[in-house]
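What follows is each chain in one-letter form.
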Amino acid sequence: KYHQRMLTRPGMRIFVPLCGKAVEMKWLVDHGYKVVGLEVAPVPCKAFFEENGIPYNVKEMKGIHGEKYESLDQKIVIYSCDFFLFTADICGEFDGIWDCGGLNSMDVEDREAYIHRIRTLMGKGCVNLTEFVNFDKSMVDITWSMTKEELQKAFGEGFIVEDLNEMKAPQRLKSQGCDTLKLFAITRT
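Residues numbered from 1 in each chain as written. Predicted model: local features only at pLDDT ≥ 70, side-chain atom pairs only at ≥ 80, totals over all residues. Heavy atoms only, no water.

- An unreviewed UniProt entry annotates the chain as thiopurine S-methyltransferase of Magallana gigas.
- What the UniProt record of the chain gives under Catalytic activity (unreviewed entry) is the line "S-adenosyl-L-methionine + a thiopurine = S-adenosyl-L-homocysteine + a thiopurine S-methylether."
- According to the UniProt record, the Subcellular location (unreviewed entry) comment for the chain reads "Cytoplasm". (UniProt positions renumbered as here; feature names shortened; annotations may be inferred.)

Shown next as structure tokens:
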């Protein structure tokens, strides 16, 4: 519903942090975008390409420990490495970011470092769509979500945070204590 906030022109490079086997990556490639994912473990990287029938090569990364999984048509790359060591020197800046759980999964004490890394990967005008899972506090004693004000403070000057939507969680997540999903757009000005 909100992809047009991030996808403003054909051929954009979209970053998907802590991507796993996210189905959105295939959707983005099928709609003409170039995708760069990052996942710590190699198993989901291989599984993404194999499950989607996408031929790929694997190479050792230069500069940091890890592997680069790249489709033969070079439309999708997934790096398997330490997120906190991944820099724009490795892959350049991005036009858009789809963060469906990366920031949400960070321990509170790691959020500042995570946001710093994301900031350095956002090119001018980049829109970062960030989704948070909000937990029912009566079921789970976890505060994973952030407010618009907390995100604005964390991203700081040069970034605009918009609160796009809050929706009820799907049933499959409700059983795990999830109450709502919250979507933010974070734009580098």
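**Topic: the sheet that holds strand β6 (residues 94-100)**
Here's step 1: Judged by pairing direction, the sheet is mixed, and its nine strands sit side by side in the order β3-β4-β5-β2-β1-β6-β7-β9-β8 without closing on themselves. Of all the strands in the sheet, just β3 (56-60) and β8 (159-168) have a single pairing partner and so form its edges. Recorded for the sheet is a direction-independent mean angle of 15° between the axes of neighbouring strands.
Here's step 2: Strand direction decides the pairing type here: β6 and strand β7 (residues 122-135), joined by six bridges, are parallel. Bridging from a neighbouring strand, Cys 100 pairs with Glu 131 of β7. (Pairing = 2+ DSSP bridges. Helix = DSSP H or I, 4+ residues; strand = E, 2+ residues; numbered from the N terminus. Axes fitted to C-alpha atoms, helices over the stretch in contact; angles between N-to-C directions.)

**Notes on the pairing of strand β9 (residues 178-188)**
Here's step 1: The element β9 is largely enclosed, with a buried count of nine among its eleven residues.
Here's step 2: One ladder, built from nine bridges, connects β7 with β9; its direction is antiparallel. Bridging from a neighbouring strand, Phe 132 pairs with Lys 182 of β9.
Here's step 3: Relative to β9, β8 runs antiparallel, the two being bridged by nine bridges. By the bridge assignment, Ile 160 is partnered in β9 with Thr 187. (Buried < 20%, exposed > 50% of the residue type's maximum accessible area, 1.4 Å probe, protein only.)

**A few points about the packing of aromatic side chains**
Here's step 1: Scanning the entire structure with this criterion turns up ten aromatic pairs.
Here's step 2: Ring centres of Phe 83 and Tyr 114 lie 4.6 Å apart, and the angle between their planes is 20°; on these two criteria the pair is classed as stacked. Here Tyr 114 lies in helix α6 (residues 111-121) and Phe 83 lies in the loop between β5 (76-81) and α4 (88-91), a separation of 31 residues in the sequence. Each member of the pair, Phe 83 as well as Tyr 114, carries the same accessibility label: buried.
Here's step 3: By way of ring pairs, the aromatic residues Phe 15, Tyr 79, Phe 86 and Phe 94 are connected into one cluster. (Phe/Tyr/Trp six-rings, centres within 6.5 Å; stacked < 30°, edge-to-face > 60°.)

**A closer look at the nonpolar core**
Here's step 1: In terms of nonpolar packing, the biggest core is built from 29 residues, with Phe 15, Tyr 79, Phe 86, Ile 118, Leu 151 and Phe 155 touching the most fellow members.
Here's step 2: Contributing elements (two or more residues each) for this core: β2 (34-39), β5, β6, α6, β7, α7 (148-155), β8 and β9.
Here's step 3: Ranked by residues supplied to this core, first place goes to α6 with four residues.
Here's step 4: Here Phe 15 is in contact with Val 36, Gly 37, Leu 38, Phe 83, Phe 86, Phe 94, Gly 96, Ile 97, Trp 98, Ile 118 and Leu 121, once residues within four sequence places are set aside.
Here's step 5: Of all hydrophobic cores here, the second largest spans 26 residues; its members include Met 6, Met 25, Tyr 69 and Trp 98. (Core = buried A, V, L, I, M, F, W, Y, C linked by side-chain atoms within 4.5 Å. Contact = heavy atoms within 4.5 Å.)

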